[in-house]
Number of protein chains: 4
Amino acid sequence: MNQFSKDYLVVAQNASGRNMNVPLYRFKGRESGPKVYIQSSIHGAEVQGNVVIYHLIQLLKHTAIRGEIILVPNCNPVGTNIKAGEYTLGRFDPVNGTNWNRGYYYDESLVQAFAQGVKEGDSLDEVKSRFRDEVKQRLDEKLSQTWGLGLAHRLNLKLQQLAFDADYVIDIHNGPVSTRHIYVPEYAKASATLFNIPHVIFIPNQFAGALDEATFCPWWTLQNLLSEKFQRDIQFNVEAFTLEMGSQEVISFEDGKFDAVSVMSYLNNKGALIDADYQPADMRRVSVKLANYKILYTQQGGIVEYLVAPGEEVKKGQPLARVLNVDELENARATYEIAAPCDLITILHFPSASVLSGTQLYKCFTEYERLT
Amino acid sequence: MNQFSKDYLVVAQNASGRNMNVPLYRFKGRESGPKVYIQSSIHGAEVQGNVVIYHLIQLLKHTAIRGEIILVPNCNPVGTNIKAGEYTLGRFDPVNGTNWNRGYYYDESLVQAFAQGVKEGDSLDEVKSRFRDEVKQRLDEKLSQTWGLGLAHRLNLKLQQLAFDADYVIDIHNGPVSTRHIYVPEYAKASATLFNIPHVIFIPNQFAGALDEATFCPWWTLQNLLSEKFQRDIQFNVEAFTLEMGSQEVISFEDGKFDAVSVMSYLNNKGALIDADYQPADMRRVSVKLANYKILYTQQGGIVEYLVAPGEEVKKGQPLARVLNVDELENARATYEIAAPCDLITILHFPSASVLSGTQLYKCFTEYERLT
Amino acid sequence: MNQFSKDYLVVAQNASGRNMNVPLYRFKGRESGPKVYIQSSIHGAEVQGNVVIYHLIQLLKHTAIRGEIILVPNCNPVGTNIKAGEYTLGRFDPVNGTNWNRGYYYDESLVQAFAQGVKEGDSLDEVKSRFRDEVKQRLDEKLSQTWGLGLAHRLNLKLQQLAFDADYVIDIHNGPVSTRHIYVPEYAKASATLFNIPHVIFIPNQFAGALDEATFCPWWTLQNLLSEKFQRDIQFNVEAFTLEMGSQEVISFEDGKFDAVSVMSYLNNKGALIDADYQPADMRRVSVKLANYKILYTQQGGIVEYLVAPGEEVKKGQPLARVLNVDELENARATYEIAAPCDLITILHFPSASVLSGTQLYKCFTEYERLT
Amino acid sequence: MNQFSKDYLVVAQNASGRNMNVPLYRFKGRESGPKVYIQSSIHGAEVQGNVVIYHLIQLLKHTAIRGEIILVPNCNPVGTNIKAGEYTLGRFDPVNGTNWNRGYYYDESLVQAFAQGVKEGDSLDEVKSRFRDEVKQRLDEKLSQTWGLGLAHRLNLKLQQLAFDADYVIDIHNGPVSTRHIYVPEYAKASATLFNIPHVIFIPNQFAGALDEATFCPWWTLQNLLSEKFQRDIQFNVEAFTLEMGSQEVISFEDGKFDAVSVMSYLNNKGALIDADYQPADMRRVSVKLANYKILYTQQGGIVEYLVAPGEEVKKGQPLARVLNVDELENARATYEIAAPCDLITILHFPSASVLSGTQLYKCFTEYERLT
């Protein structure tokens, strides 16, 4: 059986004066190899990732590894316990609305300054190590600044201190009512087929505050700058992904096992496992550019029946939803249908039948293509 | 096509100074007959009843009726629009936690005083009419009292002013994740099989604040008192039901049509429809006494997979839920199962996987029996 | 310096699988004497009581006591940490709206059965002890029942297990925007002037679920039954109070010291302190019967300026609030005043300017009198 | 008496299928002159601005004006009515956490493209008018796009359609517990002393989504580009301000009158009033650059007494807050003080005593100076 340690990371303190901490599992490899960082439930209602990490721990106990694998389940001790009615208000800080997954650190100007200091003869390993130190020093500075830091921000930076050491970062989320999908940075397209996830979104080198971006944007930018500077292709082989493991507010142990095997397949292909035979499934995958991953908002309020399940292909004009206008039940405006504006795949939909105008009804793949 | 009118009932005013009103449909019969009152969505997230009323309106347009049928969809203009995260915080007033279905009026002492005034020769119709006037006068007094009234309380009494005129009252709700079930006062057992609802709870003459109770408790108490007083069986034939039409936060137009037909079957059997052929379906129904309709609470917190769907029969000891303890993923306490304490039917379960200790995990029929 | 111990009482478990506990301080007397139980913040936003207990601990360290004094600050680990916006949603369970101070146990039939078993010769101390055992056994049974218990209910009963042992129970709360006031059971009127609290509400022997009632109702009922049974005046000298120490959402250390001294004065007069000279202040106090402690609800919605501070005397007709109707700013309906329906003292008012119709605008003493 | 019209702008629809609209008052001048746009309560709990607009309407009825003045009180019909507990959850959309004041439109690239099309001979008025048309066309396009728009976003753009026509835009807010302060774009420094507001923050040409920025950033950028292009100083004299009129959740009619007079003084100085004698008060004002307007976050959780009122000057090291650690009442960690990290003026503080770590305790002017 594999050795591992368990620690707790203090990330906040509640009004009762008690530390709020996050469990941290660390599997050490017998051989040197890549560092892997996996977390789940930064959004409190998105709990299936905890089941995935549970299964990963069981599998890793009996799988020899290279390098190091860090697992951080249930990584947001505030978000996972804020109830509002029967559901979990887990996507944002209830005090100020801050999305728990938007406060990671990235500063393009730091990368530019660092790139200038890299010299032709520097080995990639040296550069990688120095760059990590630089970024982690910035994180330290931010975490210790006199005026303090916001709750979500501090939580994010504490986790990023761990994640930025890793070569492979996996952040496990869920959609509202959702099919499984994955966000993959464009430069790591080849890795998209290493997971058993049917829907793939390729994202550009743009930072919006999430952990995957905060991981790959610096390396992506740095390799671009250095490739240009030295006129050759430079790759740091750091990859980061957001995995959306189905719907929030539900768990399934069986699905979680499937998901864990999917992650093992990726890790195996990246050399993190020794003598393991996890391989990606032979399955249909479709991909889309981020710009073609579109949100359909309601234009009116009402009560909605969702007519299309997540993951289905829909033709232009086909009805996606039927809306009841409870104020006009007696006349022709009582119901109306919302049709697909173009051919699309519904990836997720809103989890409540009651919607105001301006609600994210569906998120859809448009202009998608088969991924092979 | 049947005639009907539509009005709006002002039940509250919001902080913007705007009236909050409730739509009110009134179908008048060609012949005299019973009065029927049907409302939906007093709990804001319980929206399927609106679909049922939508279908009822379509059916009633083309069905001749006796008496009068009042339909009040979406009867809580506050609760239906309070969002907390993506879901609707519709069960209680967000200001003070008051359940929207607990502020109806019933005063046993009023019934006792009234019963004393009834004389041997009084016709049942006279008694019924005088009793209605008496109760409605109390409602009027309460609604106009100098010191005012709480929001939920006022809403309830405004609706009760309409409902207390009716012979048959139907209040349409939903459970969290739920099978269809119905609350029936014990004296109206015979009506349980007039609806197409498989699970039936028989409730005693006890008042806890809900509309069905506020309707049948006064009549039940009065007929008991008068039966005793005059030593013969006196029946007012007023009935009231809470119908739980599946799960909250979702609607289905197809199911709503089935539900509407079920209500029409009841109305037809009560003489409210003319030349209609709506009849109850030949289906399996099980019933339980309220005291045997039990809540299973969690004893610990964790992340739950619900292993049994609402409506399933379960043997004692069979697992109902598997719980993940996210703080102990590495050891034997990582998961545990919650078993059925006795033979039961799961009627509904909590709608979120994340539970604290003391959460209503399941509500269950125990000691149930086949209803024929 | 006085000896004391500190423990933690586990009252719940959160979704992360972590125990939620409550600190418990126990000061043991050098001599035998009364048992005292003091808790604060069962409603999460009502935090001044924690400051009072802080000061009590400092004072009790240096005051010799008789008997035992148990202090339970911050006794609701769930309610104190549920934020909804910047404020604390502490009055009710966010899942189901259950008021955290309404689930204590009282069963009149138990008292009646117990009273029947009491014999003429039994000493009061024996009776007291047996009654305590009986009630506490019921609490134990409820806490260990197969089907579990709701979160608020369990929390309440766990605290009641401690409180029911005590002779003097003090439950410290705050109002919304409030002056200091105290609820006193009618039979303990004499104790009202032992606290330095200017506004006193005398409450009858009625149970609505709160800790003070759950403490005094059983004893009150029992002494009534036994007094009647044995035709002499029987007193158990158990007293319980709800103290409302000003406004929620704010604390003041200075006021907390004043409040702590007020509690010490009560304890001293009840023989709980040795050689202490805490005495009640010579101050103006007014009292009211519970039935005359009235709630003024808004009849319309709007934006409110509260014109009268808590604690002020107001004549009938004098304006209490000026309301802005933001939907009619241009005409004569733009503002209106809400006048006092009778002579009164405003005790507390709603803490937000934005109100729907049916909001508890003010709670007022009417028909009050000077307490001497 | 001045003429004015009143309209309603539909900005959303609720789940009950009802339009949510915003009142809109339009005062037309006798002479041509500047356009003014004033709104309040985009954040639902910030209600004092409605009182200010109420008083402005009374004053404007009797003051002759030039140009046009549009007043939009209570401009967020969703935010003003979302209660969470007794308070108003008005700063962000309860569904997704979106700040109601961050979705206005600004696109620097549009300004750059427009600037290129401006020719030397074009009159400023022509340029202004064309630029307005261009931006408003973009707003129209966004509002009518096929896939729809988020609720807050649509609300913002609907209001911006009105505001972008104006020369002077005033957006009235409140802080949590706050002194009066104003955000002024650096280029309009001279206008800071036209209001009777003691604390002034000068902000640079940076867009973060708020209405004031969405108003001045385009004009500021455009005048910079054209000044450079044509090598002369070009000014469009469009100004926009965020006014923070004290604390949220309270109103004062008297203060509102003072505030209205302050706005009238600004309008008078800008030529919007005819024969009026409103002049700014002779008062002490201090100013700060945005970069020196700092947030002090808590590093620990606890219960806080705020020791310094908003608006006070504090020396480095002086205590700002005293924190009670309710979990350690018996020892030396029971309380601690948070000291000012440098000389500062406290502008606002958090409105609840209960804070988690990472809470915005105070916002402070540092490195401030006297404004003359």
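Residues numbered from 1 in each chain as written. Chains lettered and ligands numbered in written order. Predicted model: local features only at pLDDT ≥ 70, side-chain atom pairs only at ≥ 80, totals over all residues. Heavy atoms only, no water.

In the nomenclature of an unreviewed UniProt entry, chain A corresponds to Succinylglutamate desuccinylase/aspartoacylase family protein from the organism Fluctibacter corallii. UniProt's Cofactor (unreviewed entry) comment on chain A is quoted here verbatim: "Zn(2+)". (UniProt positions renumbered as here; feature names shortened; annotations may be inferred.)

Focus on the UniProt feature "domain: Succinylglutamate desuccinylase/Aspartoacylase catalytic" (unreviewed entry) in chain A
Feature annotation in UniProt places "domain: Succinylglutamate desuccinylase/Aspartoacylase catalytic" (unreviewed entry) on residues 33–266 of chain A, given in this structure's numbering. Spanning residues 33–266 of chain A, this segment combines 39% helix with 21% strand, and its end C-alpha atoms are found 14 Å apart. (Helix = DSSP H or I, 4+ residues; strand = E, 2+ residues; numbered from the N terminus.)

Some remarks on the packing of aromatic side chains
Two aromatic rings, taken as a pair, are described by how far apart their centres are and by the angle between their planes. Under the counting rule described, the total for this entry stands at 80 aromatic pairs over all chains. Taking 3.7 Å as the distance between ring centres and 5 degrees as the angle between the ring planes, the aromatic pair formed by Tyr87 of chain A and Tyr87 of chain B counts as stacked. With one member in each of two chains, Tyr87 of chain A in strand β6 (residues 87–88) and Tyr87 of chain B in strand β6 (residues 87–88) form a pair that bridges those chains. Here Tyr87 of chain B falls in the buried class, since its relative accessible area comes to 7%. Ring geometry for Tyr187 of chain C versus Trp220 of chain C: centroids 4.8 Å apart, planes at 75 degrees, classification edge-to-face. Of the two residues, Tyr187 of chain C is situated in the loop between β9 (181–185) and β10 (199–203) and Trp220 of chain C in helix α5 (residues 211–230); the sequence distance between them amounts to 33 residues. Counting every residue linked through ring pairs, the aromatic cluster contains Phe114, Phe131, Phe164, Trp219 and Phe236 of chain A. One cation-aromatic arrangement involves Arg322 of chain B over Phe253 of chain A; the distance from NZ or CZ to the ring centre is 4.1 Å. (Phe/Tyr/Trp six-rings, centres within 6.5 Å; stacked < 30°, edge-to-face > 60°. Buried < 20%, exposed > 50% of the residue type's maximum accessible area, 1.4 Å probe, protein only. Lys NZ or Arg CZ within 6 Å of the ring centre and 35° of its normal.)

Let's talk about the relation of the copies chain D and chain C
Aligned on chain C, chain D shows an RMSD of 0.0 Å; the corresponding rotation is 180 degrees and the shift along the axis is 0.0 Å. Taken together, the turn and the small shift mark the pair as related by a two-fold rotation axis. No C-alpha of chain D lies nearer the rotation axis than that of Ala84 of chain D, which sits 3.0 Å from it. Of all interface residues in chain D, 100% are interface residues in chain C too; the two copies therefore contact each other through one and the same surface. (Least-squares fit on C-alpha atoms with pLDDT ≥ 70 in both. Contact = heavy atoms within 4.5 Å.)

A look at unusual backbone geometry
Residue and element names in this part refer to chain D. Unusually for a residue other than glycine, Asn74 sits at a positive phi of about 50 degrees. Its location among the elements puts Asn74 in the loop between β4 (66–72) and β5 (83–84). For Asn74, a relative accessible area of 4% gives the class buried. Here Asp275, not a glycine, exhibits a phi torsion of approximately 55 degrees, which is positive. Position of Asp275 relative to the elements: it lies in the loop between α6 (253–269) and β12 (285–289).

Some words on the packing of helix α2 (residues 108–117) of chain D against helix α3 (residues 124–143) of chain D
Residues and elements named next belong to chain D. Close contact between α2 and α3 brings their axes to 11 Å; oriented N to C, the two are set at 145 degrees. In terms of crossing hand, the pair formed by α2 and α3 is right-handed. Mapping the contact onto sequence places Leu110, Val111, Phe114 and Gly117 in α2 and Val127, Arg130, Phe131, Glu134, Val135 and Arg138 in α3. Residues belonging to the contact of α2 with α3 are distributed by class as follows: 6 nonpolar, 1 polar and 3 charged. (Axes fitted to C-alpha atoms, helices over the stretch in contact; angles between N-to-C directions. Left-handed = near helix turned anticlockwise from the far one by under 90°. Nonpolar A, V, L, I, M, F, W, Y, C, P; charged D, E, K, R; others polar.)

A short note on the environment of Ala321 of chain A
All names here are of chain A. With respect to the element layout, Ala321 can be found in strand β16 (residues 319–324). Distance from Ala321 to Ile338, taken between C-alpha atoms, is 5.2 Å for residues 17 residues apart in sequence. Beyond its immediate sequence surroundings of up to four residues, Ala321 is in contact with Val304, Glu305, Leu307, Tyr336, Glu337, Ile338, Leu361 and Tyr362.

So, helix α1 (residues 48–61) of chain D
For α1 of chain D, built from 14 residues, the straight-helix expectation of 20 Å at 1.5 Å per residue is met to within 8% by its first-to-last C-alpha distance of 20 Å. Burial of α1 of chain D is extensive: 13 of the 14 residues sit out of reach of the surface. (Expected span 1.5 Å × (residues − 1).)

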